[in-house]
Amino acid sequence: MWQLLVLLLPLANTESELNGILDTIYADQPFETLLVLRHSQSQAEEPDERWARAWPVLSFDEQMDCYLSGSYNNEMLGLVWQSGGNNEMNMELWQALDRNLQNMRHVRLLLVMSTEEGQQHQQIADTAEPLRFLQVAVLTSQGTVYRLQPFAQQNWVEIDPRREPIFARIRNYQRKAIITLPDQFAPRSLVYEDTHTQERGMTGYVAKLVMEFARIYNLTIQWQRPIVPGEHMSLILLRNLTLNGTISLPISLCGYEVPSESGVFSVPYDLEKWFIMVPCADEISTADVYGFVCGKKFLGIVAGFYCIFSLLDTCFGYLLLQRGISWSTLAFNERIISGMIGQSFKMSAHNTISSRVTHSQLFLLGLVLSTLFAAHLKTLLTKRPPDQQISNFQQLRDAPVDIYFDEAEHFYLDGFRGARTVELIRSKIRYVSTADFQYLRSTLNKSQAFSALTAEWLIIAKRQQYFQRPAFCSLPGLIFASKIILSLPMQANSIFERPINRLILYVHSSGLLEYWKQQTLYEMVALGLIPQEDPYPYAAFREFKVADLTWE
Ligand SMILES: *[C@@H]1O[C@H](CO)[C@@H](O)[C@H](O)[C@H]1NC(C)=O
Ligand SMILES: *[C@@H]1O[C@H](CO)[C@@H](O)[C@H](O)[C@H]1NC(C)=O
Ligand SMILES: *[C@@H]1O[C@H](CO)[C@@H](O)[C@H](O)[C@H]1NC(C)=O
Ligand SMILES: *[C@@H]1O[C@H](CO)[C@@H](O)[C@H](O)[C@H]1NC(C)=O
């Protein structure tokens, strides 16, 4: 009897302790489900399951294989029954956690020890950190609680559950390195060398986010390879480098994808339009102005009035002056022509009122026509109207421009669904390497069109502010997608996922994103990175040439 009591006492102790601790953890940060993991061979002690009534319980053993994050709610507390000193069984439990808690590393783990062994703690720390479980606490058989301090010198701290929270949010990553590379696409990230101080600096609205992230969480930024200012890295390459583990977090953005075993993506950092920037319509040439002025309508009016007046003139000659009908005057009446274009003309049938009235009308018509014509011609010669602007995908397909896309965009454009617009021009698209694409786009050649995102357009628009007239335009009819979700890629189970998501939400709610974009622009202007010379200088006046008279 006594032996049994002695045996049961520590167990009962742990049980009531455990209930209290679960309540404290819940009060600190609520969880929806309890994930209980126990080794199938350690059924020796059957714990009192009073807590099972308070929360839904998922009871797992080491063989369970379920992608919880895709099928169940994410707010869980893991309760792991450590099996004595059996290392092999404990390792199997860790493997089960690794498998089932894919992309759910924020789940807090409470390890319940049945026996007390000193060196086991160090082993737990050495296992949990590489598996990226950072929120781990241990409840010993004596009822003491220890919390894991990831990356720190001193791994474990003893906690008094009545005074402080058992799981604390990690704010200090102890200068752990973020292995990264910048894409160097302004305004996302930009590495430059200051011409005065020769110092290397980095700016850009994604660079600012990552630097701020490193500062807040006591992380360091470590380049995966030496970086060269001006070396562009495509977003798809950086995405692939991240997903295959070469870098841990790129200073770049890529399209959002659903989290999977290959990687996770942060909450949207930026929403952008994806469109095609096209050359703006030029002014029509001087020679074309005549075509404009002598339009069909104008010629129709002139011809109509000519017919009326020459018919009247012929009739007057026949009826009033008893002259014979002259068919040649009917067809070609030079008096009426000179009258209509406002020149002097001789009145013939001057003896009748009706002929005088007709001639005065001819005079008025000539005055109005010649004045209007001269005024129109002068206006159009001084301020020529623009040519036809490419403003939708159909016109873009038929226009004599080459459409350029970055090779990296191939991946996203291929998977692009729902847009018939893309199909119209797909055969005309030319994919070029990232470096060539950047070069071509910066030359602003007006026989080419380019894909662009809103943030990149900011820079081009800024550059064009210094031009007399913009070379490229962005038009509402040429938008592929009005909201592209851009986020930061990370490896599956990344330790940065939750903290960077939290920071991104703060950045959005405080309006820092817009501020950082604008600040990047100003910094670029200050550094002289936005060229200001106009590739298409506008001549307000030039001499009249023979070509201006030839109208094809
Ligand atoms: C950052 O981590 C280092 C290394 O662990 C530590 O010495 C330093 O105090 C930490 N800084 C802050 C601000 O917490
Ligand atoms: C990146 O990976 C995708 C598949 O995930 C592949 O289609 C693409 O070609 C890769 N791109 C590069 C530059 O490695
Ligand atoms: C990761 O992907 C990049 C680009 O796709 C490739 O060059 C590199 O070799 C890959 N690294 C590993 C470790 O697979
Ligand atoms: C502009 O591009 C066209 C073809 O895309 C090319 O023929 C022309 O030489 C280019 N002009 C300049 C100034 O580079």
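Residues numbered from 1 in each chain as written. Chains lettered and ligands numbered in written order. Predicted model: local features only at pLDDT ≥ 70, side-chain atom pairs only at ≥ 80, totals over all residues.

1. Structural notes on the overall build of the chain
Stated formally: A helix here means a DSSP run of H or I that spans at least four residues, while a strand means a run of E at least two residues long, and both kinds are numbered starting from the N terminus. Our radius of gyration looks at C-alpha atoms and nothing else; its globule reference is 2.2 Å times the residue count to the power 0.38. Exposed residues have 12 or fewer other C-beta atoms within 10 Å of their own C-beta, buried residues have 20 or more, and residues in between are partly exposed; the C-beta atoms are placed from the backbone. Residue pairs qualify as contacts under a 7 Å threshold applied to their C-beta atoms, which are placed from the backbone.
Counting its regular elements, the chain contains 18 helices and 20 strands. The globule rule puts the C-alpha radius of gyration for 552 residues at 24 Å, and the 40 Å found for the chain is more than 25% above it. By principal-axis analysis of the C-alpha atoms, the chain measures approximately 150 × 55 × 40 Å. By residue count, 28% of the 552 residues in the chain fall in the buried class. Relative to all contacts within the chain whose residues are 6 or more apart in sequence, the contacts with residues 24 or more apart total 76%.

2. Topic: helix α17 (residues 497-509)
As a reminder, the rule being used: Helix span is expected to be 1.5 Å times the residue number reduced by one.
The end-to-end C-alpha distance of α17, which contains 13 residues, comes to 18 Å, matching closely the 18 Å that a straight helix rising 1.5 Å per residue would cover. On its buried side, α17 packs onto α5 (205-216), β13 (264-265), β20 (489-490) and α18 (512-526). Positive phi appears at G511, one or two residues downstream of α17, with a value of about 75°.

3. Considerations on the site of ligand 4
Using the following cut-off: By definition, a residue lies near a molecule or strand when the C-beta atom built from its backbone is within 6 Å of it. Throughout this entry, Asp, Glu, Lys and Arg are counted as charged residues, while Ala, Val, Leu, Ile, Met, Phe, Trp, Tyr, Cys and Pro are counted as nonpolar. The remaining residues, Gly among them, count as polar.
All residues adjacent to ligand 4 are D402, N445, S447 and Q448. When the residues that make up the shell around ligand 4 are grouped by side-chain class, the tally is no nonpolar, 3 polar and 1 charged.

4. Remarks on the site of ligand 2
Taken together, the neighbourhood of ligand 2 is formed by I236, L237, N240 and F411. Among the elements that make up the shell around ligand 2, the one with the highest residue count is helix α6 (residues 235-243) (3 residues). When its residues are assigned to classes, the shell around ligand 2 shows 3 nonpolar, 1 polar and no charged.

5. Details of unusual backbone geometry
P187 follows A186 through a cis peptide bond whose omega is 0°. Looking at where P187 falls in the secondary structure, it is placed in the loop between β8 (176-180) and β9 (190-193). Even without being a glycine, R132 presents a positive backbone phi close to 65°. Along the chain, the position of R132 falls in the loop between α4 (118-128) and β5 (136-139).

6. Concerning the environment of Q518
Relative to the helices and strands, Q518 is located in helix α18. In the structure, Q518 is positioned 321 residues away from T197 in sequence and 24 Å away in space, judged by C-alpha atoms.

7. Details of the sheet that holds strand β3 (residues 76-81)
Keep this limit in mind: We treat two strands as partners when DSSP finds at least two bridges between them. Only C-alpha atoms enter the line fits that serve as axes; for helices the fit covers just the stretch in contact. Angles between N-to-C directions range over 0 to 180 degrees.
With mixed pairing, 7 strands are arranged side by side in an open sheet as β2-β1-β3-β4-β5-β6-β7. Only two strands of the sheet have a single partner each, and these edge strands are β2 (57-60) and β7 (156-159). Neighbour to neighbour, the strand axes of the sheet diverge by 25° on average, direction disregarded. Packed onto the sheet, helix α3 (residues 87-100) meets β1 (33-38), β2 and β3 and runs at close to 145° relative to β1.

8. Concerning the UniProt feature "transmembrane region" (unreviewed entry) in the chain
Just so we agree on the cut-off: UniProt positions are given in the numbering used here, feature names are shortened, and annotations may be inferred rather than shown by experiment.
Under the feature "transmembrane region" (unreviewed entry), the UniProt entry names residues 298-321 and 362-381. For residues 298-321, helix accounts for 92% and strand for 0%, while the C-alpha atoms at its two ends are 33 Å apart. For residues 362-381, helix accounts for 100% and strand for 0%, while the C-alpha atoms at its two ends are 28 Å apart.

9. Topic: α5
Note that an α-helix has 3.6 residues per turn; residues three or four places apart therefore point the same way. The first and last C-alpha atoms of α5 sit 17 Å apart over 12 residues, in line with the 16 Å expected at 1.5 Å per residue. Of all the residues in α5, the buried ones are Y205, V206, A207, K208, L209, V210, F213 and A214. The inward-facing, buried residues of α5 abut β8, β10 (200-203), β11 (219-223), α17 and α18. Phi for N218, located one or two positions after α5, is positive at around 55°.

10. What about the environment of I390?
Note that I390 resides in the loop between α11 (353-382) and α12 (393-398). Ignoring anything within four residues of it in the chain, the contact list for I390 reads V278, Q395, L396 and A399.

11. Section: the pairing of strand β17 (residues 448-453)
Where strand β14 (residues 270-279) meets β17, 4 bridges bridge the pair, whose relative direction is antiparallel. Counterpart to F275 in the pairing with β17 is A452. Examined bridge by bridge, strand β15 (residues 402-406) and β17 share 3 bridges and lie parallel to one another. By the bridge assignment, Y404 is partnered in β17 with F450.

12. Quick look at the packing of α5 against α17
Operational definition: Roughly parallel refers to an angle under 35 degrees, roughly antiparallel to one over 145, roughly perpendicular to one between 65 and 115, and oblique to any angle outside these ranges. Crossings are sorted by hand: turned counterclockwise from the far helix by less than a right angle, the near helix makes the crossing left-handed, and turned clockwise it makes it right-handed.
The geometry of α5 relative to α17 is characterised by a closest axis approach of 11 Å and an angle of 120° between their N-to-C directions. With respect to each other, α5 and α17 are oriented oblique. In this structure, α5 meets α17 at a crossing whose hand is right-handed. Mapping the contact onto sequence places L209, E212, F213 and I216 in α5 and I500, L503 and V507 in α17. The residue inventory of the contact of α5 with α17, partitioned by class, reads 6 nonpolar, no polar and 1 charged.

13. A closer look at the confidence of the model for the chain
Interpretation of the predicted coordinates at a detailed level should be avoided for regions scoring low in pLDDT. Cut-off, in case you're wondering: Per-residue confidence from the predictor is reported as pLDDT, which spans 0 to 100.
Taken as a whole, the chain shows an average pLDDT of 86; of its residues, 93% reach a score of 70 or greater. Contacts of residues 1-12 to residues separated by more than four positions or lying in other chains number 2 contacts, the stretch itself having pLDDT below 50.

14. Things to note about the packing of helix α7 (residues 286-293) against α11
Relative orientation of the contacting elements α7 and α11 amounts to 145°, with a least axis distance of 10 Å. For the pair α7 and α11, the sense of crossing is right-handed. Seen from α7, the contacting residues are T286, V289, F292 and V293; seen from α11, they are F373, H376, L377, L380 and L381. Partitioned by chemical class, the residues of the contact of α7 with α11 number 7 nonpolar, 2 polar and no charged.

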